[in-house]
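# Examining the three-dimensional arrangement
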Amino acid sequence: MNKFSWYEAKSVEDALEQVNSTLSDELYEPTQKASVFKSGGIDVFDWVKEGLLKPQKIINIRNIPGLDQISYDRKEGLHIGSNVTLAEIASNPEIKSQYLALHQAVNHAATPQLRNVSTLGGNIAQRNRCWYFRSADHDCFRKGGDRCFARHSETGENENHAILDNGTCVSVHASSIATALMAFNASVVIANAEGKQKTVQMDDFFVSAGEDIAMENILQAKEIITEIILPPPSKNTKSAYIKQVARESYDWSLADVAVVMEVSGNTCKSASIVLGAAAPVPYRSVEAQQAIESKTINSDNATAAAKAAMTKARPLSKNDYKVPLFVSTIKQTILEIA
Amino acid sequence: MENKDQDPESKPGKTISRRSFIRGAGLSTASSVLMTSNAFALEYKEPLVTGKEFGPDAITIKMKVNGITKSLSVEPRTTLASALRDHLELTGTKVVCDRGSCSACTVYLDGKPVNSCMMSAFDVGDKEITTIEGIAKNGELHPVQEAFIEHDASQCGYCTPGMVMSCVHLVDNNPNPNLEDVKNATRGNLCRCGTYPKVFKATLAAAKKTI
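Residues numbered from 1 in each chain as written. Chains lettered and ligands numbered in written order. Predicted model: local features only at pLDDT ≥ 70, side-chain atom pairs only at ≥ 80, totals over all residues. Heavy atoms only, no water.

Right, let's get into the packing of helix α12 (residues 299–309) of chain A against helix α13 (residues 322–337) of chain A. Residues and elements named next belong to chain A. Interaxial distance between α12 and α13 falls to 8 Å at its minimum, and their mutual angle equals 135 degrees. With respect to each other, α12 and α13 are oriented oblique. As for the relative orientation of α12 and α13, their crossing is right-handed in sense. Taken together, the residues of α13 that come into contact with α12 (itself represented by Ser 299, Ala 302, Thr 303, Ala 305, Ala 306, Lys 307 and Ala 309) are Val 327, Ile 330, Lys 331, Ile 334 and Leu 335. A class-by-class count of the residues in the contact of α12 with α13 yields 8 nonpolar, 2 polar and 2 charged. (Axes fitted to C-alpha atoms, helices over the stretch in contact; angles between N-to-C directions. Helix = DSSP H or I, 4+ residues; strand = E, 2+ residues; numbered from the N terminus. Parallel < 35°, antiparallel > 145°, perpendicular 65-115°, else oblique. Left-handed = near helix turned anticlockwise from the far one by under 90°. Contact = heavy atoms within 4.5 Å. Nonpolar A, V, L, I, M, F, W, Y, C, P; charged D, E, K, R; others polar.)

The structure is reproduced here in structure tokens:
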């Protein structure tokens, strides 16, 4: 790692005064003068170790008081501070009973060691895992380069890559927890240096590659995530989450699906269906939602919804297996609700 | 290229002391190595939340490791794994992938297993570190360590310290674990020799002994 100084932020305001860049900005156009945030630090140190991020200063936001609380209220919903660790979410009994898909997604993310350190804010702000993006030896549009090695039809190692919305960048978003958060219609609270706060829906937090190739989310240099809010579930809200991986112990997602439904008996009143590892950002399948809404939750209707989700799929040279994998995983996740 | 790789004979004392040290490190409690502190070094104050900038050059920090508070001179870029191995000579903690993927570097931070390779020594603050050297108490191996020997749960040995840390944490916190619990506890620990079945067997056997 390059030499950097270390700043212990004492408050959100203090941290916002110190920061001058984002991980995304610095990866796209390195200045080597960046002062960037780190909390759990897993993603930031990864980039520094690869030599792709050479910060001048790391601002430690991990110990800022007040960002590490979980609170649940039947009217207010669930508030999770950005510094809450994945392990704390996994062991929270109210999250398990009220937001099952989130509990399941967190339990399948990373390893016990990483869950004890990784924070929710850092998890949704981490950059994607495309090996060309993360390799110092390869060009990539997201690093200001002029080509994409992953897309190449013969030499591109793209088996883990995107099958939807992959026209500009073929990476998939790294956070499988975001898949569940988006399905619950979560929102992200962001504070800025002017002392203002804004709350954005998860759907609007992520930035498609076509909109801005340098970024995967809307965070600007003088902004910080303070909490993530999930609306309260009703008596009839049910949720499920399934993640497919190459090995049993732990792995990055090949295909993950979160379904949150309002049900009446065995009928779907409304559905929120989000796919992970399908597109450069978590992908809300409006097609699948429309296909299952007002229908009985059974095998035929679940299959129809799953197939509808894949109508726009455009696989790359080595990942067409993801289409049937998503069809079966979406179907299975919907049927878990029933 | 440096010549030392091509000329292992040039430092004859090294290899011998390394082997004997490793053999001893598994059993002994922490050796109290006190790093000489720079006379001009700043003290890294507790609590951590200071609104101050440190580094990039080394400063002296205090760290409680295996029950003993130590001073060491480290830069902000010094990982906890490097602080333990290179500064405090606690080389029982292994660094293999150096990216948080294999968990060979597992230590406890206030009793919770973490990857020491993926955090700065500055992240520790006033929290307490436990390393593999701190698992045996008063010269007595932990039941998990004894069971690893008894059930031959180690092959090349690189994953073993991290594997033991995960299994000790499980057995100390769950008096009656089943196979699924052991699998969950060791999900992060990669063993390229594939000795998982013996690790599971040893841990379940150790749990029975501790009841």
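Moving on: the domain arrangement of chain A. Domains assigned within chain A are domain 1 (5–63), domain 2 (70–125 + 177–230) and domain 3 (237–337). Computed over C-alpha atoms, the centres of domain 1 of chain A and domain 3 of chain A are 36 Å apart. (Domains from an automatic or database assignment.)

Frequently, the measure chosen for interface size is the accessible area removed from exposure when the parts meet. Opposite the 40 residues of chain B that make contact, chain A presents 32 residues. Three residues stand out in chain B for area buried against chain A, namely Arg 77, Met 118 and Arg 187 of chain B, and they jointly supply 23% of the buried area on that side. The interface formed by chain B and chain A contains 7 salt bridges. Across the salt bridge formed by Asp 46 of chain A and Arg 99 of chain B, the nearest N and O atoms sit 3.4 Å from each other. Counting across the chain B and chain A interface gives 20 residue pairs in polar contact (both at pLDDT 80 or more). It is strand β5 (residues 112–115) of chain B that contributes the most residues to the side of chain B that touches chain A, 4 residues altogether. Of the residues that constitute the side of chain B that touches chain A, the class distribution is 15 nonpolar, 14 polar and 11 charged. (Buried area = accessible area lost by both parts, 1.4 Å probe. Salt bridge = Lys/Arg side-chain N within 4 Å of Asp/Glu carboxyl O. Polar contact = N/O pair within 3.5 Å; in protein donor to acceptor, adjacent residues only side chain to side chain.)

This next bit is on the pattern of salt bridges. For the structure shown, the criterion picks out 24 salt bridges over all chains. Across the salt bridge formed by Lys 49 of chain A and Asp 98 of chain B, the nearest N and O atoms sit 2.7 Å from each other. Here Lys 49 of chain A, found in helix α3 (residues 42–50), pairs with Asp 98 of chain B, found in the loop between α2 (80–87) and β4 (106–109), and the two come from separate chains. Of the residues examined, Lys 49 of chain A reaches a relative accessible area of 16% and is grouped as buried. One continuous salt-bridge network, built from bridges that share partners, spans Asp 43, Asp 46, Lys 49, Glu 50, Arg 129 and Arg 134 of chain A together with Asp 98 and Arg 99 of chain B. (Buried < 20%, exposed > 50% of the residue type's maximum accessible area, 1.4 Å probe, protein only.)

Turning next to the sheet that holds strand β6 (residues 128–130) of chain B. All names here are of chain B. As summarised here, the arrangement of the 5 strands in space is β3-β2-β6-β4-β5, forming an open sheet in which the pairing is mixed. The open sheet terminates on both sides in strands that have one partner only, identified here as β3 (68–74) and β5. The average angle at which neighbouring strand axes cross in this sheet is 45 degrees, direction not considered. As paired elements, strand β2 (residues 59–65) and β6 share 2 bridges and run parallel to each other. (Pairing = 2+ DSSP bridges.)

Right, let's talk about the sheet that holds strand β4 (residues 70–73) of chain A for a bit. Residues and elements named next belong to chain A. An order of β4-β5-β8-β6-β7 is seen for the 5 strands of this open sheet, with the pairing classed as antiparallel. Looking at strand neighbours, the two that pair on one side only are β4 and β7 (197–201), the edges of this open sheet. When strand polarity is set aside, the average angle formed by the axes of neighbouring strands in this sheet is 20 degrees. Direction of pairing for strand β6 (residues 187–192) relative to strand β8 (residues 223–230): antiparallel, over a ladder of 6 bridges.

Counted by the stated rule, this structure contains 8 aromatic pairs over all chains. Geometrically, the ring pair formed by Tyr 99 of chain A and Phe 184 of chain A is edge-to-face, given 5.3 Å between the ring centres and 75 degrees between the ring planes. With Tyr 99 of chain A in the loop between α5 (93–98) and α6 (100–107) and Phe 184 of chain A in the loop between α9 (177–183) and β6, this pair connects stretches of sequence that are 85 residues apart. Their ring planes at 65 degrees and their centres at 6.3 Å tell us that Phe 54 of chain B and Phe 122 of chain B sit as a pair that is edge-to-face. Linking Phe 54 of chain B in strand β1 (residues 53–54) with Phe 122 of chain B in the loop between β5 and β6, this pair joins segments that are 68 residues apart in sequence. In terms of burial, Phe 54 of chain B and Phe 122 of chain B fall into one category: buried. An aromatic cluster is built from Trp 6 of chain A together with Phe 54 and Phe 122 of chain B, whose rings are joined through pairwise contacts. The lysine or arginine in question, Arg 247 of chain A, covers the ring of Tyr 250 of chain A, its NZ or CZ lying 4.6 Å from the ring centre. (Phe/Tyr/Trp six-rings, centres within 6.5 Å; stacked < 30°, edge-to-face > 60°. Lys NZ or Arg CZ within 6 Å of the ring centre and 35° of its normal.)

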